[in-house]
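Chain and residue survey
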Amino acid sequence: MEFFSFWLSLFTHFILLNLTIAHLSNHETFLSCLSRRINDFTVEPTVIHTSEDSSFFSILNSSIQNPRFSVLEAPKPVSIITPVQATDVQSTIKCARLHDIHVRTRSGGHDYEGFSYIARTRPFVVIDMRNLRSITLDVDNRTGWVQTGATIGELYYEIGKLRKSLAFPAGLYPTVGIGGQFGGGGYGTLMRKYGLSADNVIDAHIVDSSGRFLDREGMGEDFFWAIRGGGGSSFCVVLAWKIRLVDVPTVVTVFDVTKTSEKEAVRTINNWQYVADKVPDNLFVRAMLQRSNDTAVYASFPGLYLGPVSDLLTLIEEKFPELGLKIGDCREMSWIESVLWFIKGESMNTLTERKRTSRSFKGKDDFIQKPIPKTAIRELWKRAYASEARLAKIILTPFGGRMIEIAENEIPFPHRGGNLYEIQYLAYWKEEEDKNKNDTEKYMRWVESLYDFMTPYVSKSPRGAYVNFRDVDLGMYNVGMNMKTKYEEGKIWGVKYFKNNFDRLVRVKTSVDPMDFFCDEQSIPVLKSVDVI
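Residues numbered from 1 in each chain as written. Predicted model: local features only at pLDDT ≥ 70, side-chain atom pairs only at ≥ 80, totals over all residues. Heavy atoms only, no water.

Overview of the UniProt feature "domain: FAD-binding PCMH-type" (unreviewed entry) in the chain
Per the UniProt entry, the sites bearing "domain: FAD-binding PCMH-type" (unreviewed entry) are residues 73-248 in this numbering. Taken end to end, residues 73-248 comprises 26% helix and 23% strand; its first and last C-alpha atoms sit 47 Å apart. (UniProt positions renumbered as here; feature names shortened; annotations may be inferred. Helix = DSSP H or I, 4+ residues; strand = E, 2+ residues; numbered from the N terminus.)

Some words on the packing of helix H12 (residues 374-383) against helix H14 (residues 437-453)
Packing of H12 against H14 brings their axes to within 11 Å, and their N-to-C directions diverge by 175°. Looking at the two axes, H12 sits roughly antiparallel to H14. Contacts between H12 and H14 involve Ala376, Glu379, Leu380 and Arg383 on the former and, on the latter, Trp446, Ser449, Leu450 and Phe453. Taken together, the residues that form the contact of H12 with H14 break down as five nonpolar, one polar and two charged. (Axes fitted to C-alpha atoms, helices over the stretch in contact; angles between N-to-C directions. Parallel < 35°, antiparallel > 145°, perpendicular 65-115°, else oblique. Contact = heavy atoms within 4.5 Å. Nonpolar A, V, L, I, M, F, W, Y, C, P; charged D, E, K, R; others polar.)

Remarks on the packing of aromatic side chains
Within this structure, the stated rule accounts for 23 aromatic pairs. Ring geometry for Tyr425 versus Tyr451: centroids 6.4 Å apart, planes at 75°, classification edge-to-face. Within this pair, whereas Tyr425 is found in strand S19 (residues 421-430), its partner Tyr451 is found in helix H14, the two being separated by 26 residues in sequence. Overall, Tyr425 belongs to the buried group, its relative accessible area being 0%. Assessed through its relative accessible area of 10%, Tyr451 is described here as buried. One aromatic cluster in this structure is built from Tyr112, Tyr187, Phe361, Phe367, Phe399, Phe413, Tyr428, Tyr466 and Phe469. Here Arg463 stacks its cationic end above the ring of Tyr451, 3.6 Å away from the centre of that ring. The ring of Trp225 has Arg504 lying over it, and the distance from NZ or CZ to the ring centre is 3.9 Å. (Phe/Tyr/Trp six-rings, centres within 6.5 Å; stacked < 30°, edge-to-face > 60°. Buried < 20%, exposed > 50% of the residue type's maximum accessible area, 1.4 Å probe, protein only. Lys NZ or Arg CZ within 6 Å of the ring centre and 35° of its normal.)

Observations regarding the sheet that holds strand S9 (residues 213-214)
If you trace the five strands from one edge of the open sheet to the other, you get S5-S6-S10-S8-S9, paired in antiparallel fashion. The open sheet has two free edges, formed respectively by strand S5 (135-138) and S9, since each of these has just one partner strand. Taken strand by strand, helix H3 (residues 86-98) contacts strand S8 (201-207), S9 and strand S10 (237-244), and its axis lies near 140° from that of S10. Here helix H4 (residues 152-162) sits on the sheet in contact with S5, strand S6 (143-147) and S10, set at roughly 35° to S5. (Pairing = 2+ DSSP bridges.)

Thoughts on the sheet that holds strand S3 (residues 103-106)
Strand order in the open sheet formed by four strands is S1-S2-S4-S3, with mixed pairing between adjacent strands. Whereas interior strands pair on both sides, the edge strands pair on one side only; in this sheet they are strand S1 (48-50) and S3. If you compare each strand with its neighbour and ignore which way they point, the axes differ by 25° on average. Two strands pair when backbone bridges link them, and strand S2 (residues 79-81) and strand S4 (residues 125-128) are joined in this way by three bridges, in the parallel orientation. Residue pairing for S4: Ile81 is matched across the bridge by Ile127.

Some words on the pairing of S10
Buried residues dominate S10, accounting for six of its eight residues. In this structure, S8 lies alongside S10, joined through six bridges in antiparallel fashion. Residue pairing for S10: His205 is matched across the bridge by Ala240.

Some details on the state of the cysteines
All chains considered together, the criterion is met by one disulfide. Covalently, Cys33 is tied to Cys95 through a disulfide, its sulfur atoms 2.1 Å apart. Its S-S torsion of approximately -75° makes the covalent link between Cys33 and Cys95 left-handed. Of this pair, Cys33 sits in helix H1 (residues 2-41) while Cys95 sits in helix H3, placing them 62 residues apart in sequence. For Cys33, a relative accessible area of 4% gives the class buried. Not part of a disulfide, Cys519 finds its nearest cysteine sulfur in Cys236, a span of 14 Å. The exposure class assigned to Cys519 is buried, which follows from its relative accessible area of 8%. (Disulfide = S-S within 2.5 Å.)

So this is what it looks like as structure tokens:
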């Protein structure tokens, strides 16, 4: 057996070596092809960046939002393409197909496992969408077009400039790219009122694997369904999304309540489990566990209410008196000001700043379908005291409201009715610790241990996961000799992300990208025949 394993490993390395040599040759012809096409369509001189360019590594590193993937040994692209118009993307795809070049597409660089700028098994090119970031809003029709390279913060900024009574349901972190957020679903403080970001996408412009520019009508409804929550990078390059803006009151209320004693925190989190998904959909209350310093853990309950503080206090007193909310915990403001409040931003300009984080992280998540016992909550509190949890967060995000009104198959994101909340386990550490792998392994183990501990209390068959919180521990495609088909491999994690929607995603993928041009370590697989499913 050991002899067989040795030769299998040797054979695999031999194949990879030959693929690498062939790819480097292909890369030169790819660049030649792309240069000719780019010169025909644009006057922009800096669309193509190779490792020989002085700007290459600054461009690469500027959008790596998990620094553990910027270490020296992390795979690097052989070139980066920064398109300035749709034809640049079309040219890149056509030349890449012609010369057998593997591509990854990056919007904001927040992929939890770095898939948008890292390929572990072969040389690759990154299409970085940073220059395709225009935002055009139509206030009268409550719609807008947002290019994939824009960030959530830039979208919020543009909405906030126009009208205080308009908003869009998306995440809290302003540097997150539109492309990844919408492609995987996207949720935040308005999810209970209006659902996911992807629930509010009504059209899109894409470039498919043949290099064709298509809109919703051109791509068809199955294709359009797949890119809204199915991970758009498995199917195409999305250039822009047409969104439906939503109405919010001119006055909303934000609040935060903290509990510093274990007894009070455990009791309040336990009560939160029974009410957070059932309160009216204009109320969003998260629960969080984290450290305040080296020796203290606390629970916090930050929230947003779409209305005045007087109505909020009455509602909380009726539905969740155990929270102990007082008027001093609350602040009235506009919705756009609430966005800044959650991120502790000082001004609107904070939303447009493209900062690179200095903290590495590892995350996992679960979906909770019935309240976990107090003993489990106490264990979560206890584990937050571990030395590896100094910067960690355990985040409980409530569902209910609009989230359970939308059918599981409306878009690929399936985690709707039956889920009380989603829980995320996040370990953070300082970037400089990545220099020594042994220093970072302890943080990984803390997350893995917490995930294992929660096994009896979370969703089952499958144990669900959110594709925007991607996790390689769920599985990746194997390289080399493998007895399983790609469909069989992909289904291992695919049903966790997409449940019963996985097979439909496979059918769409097989139809629109039969050569599996758009692929990564966990992408939707292709079948030789859709009848196999």
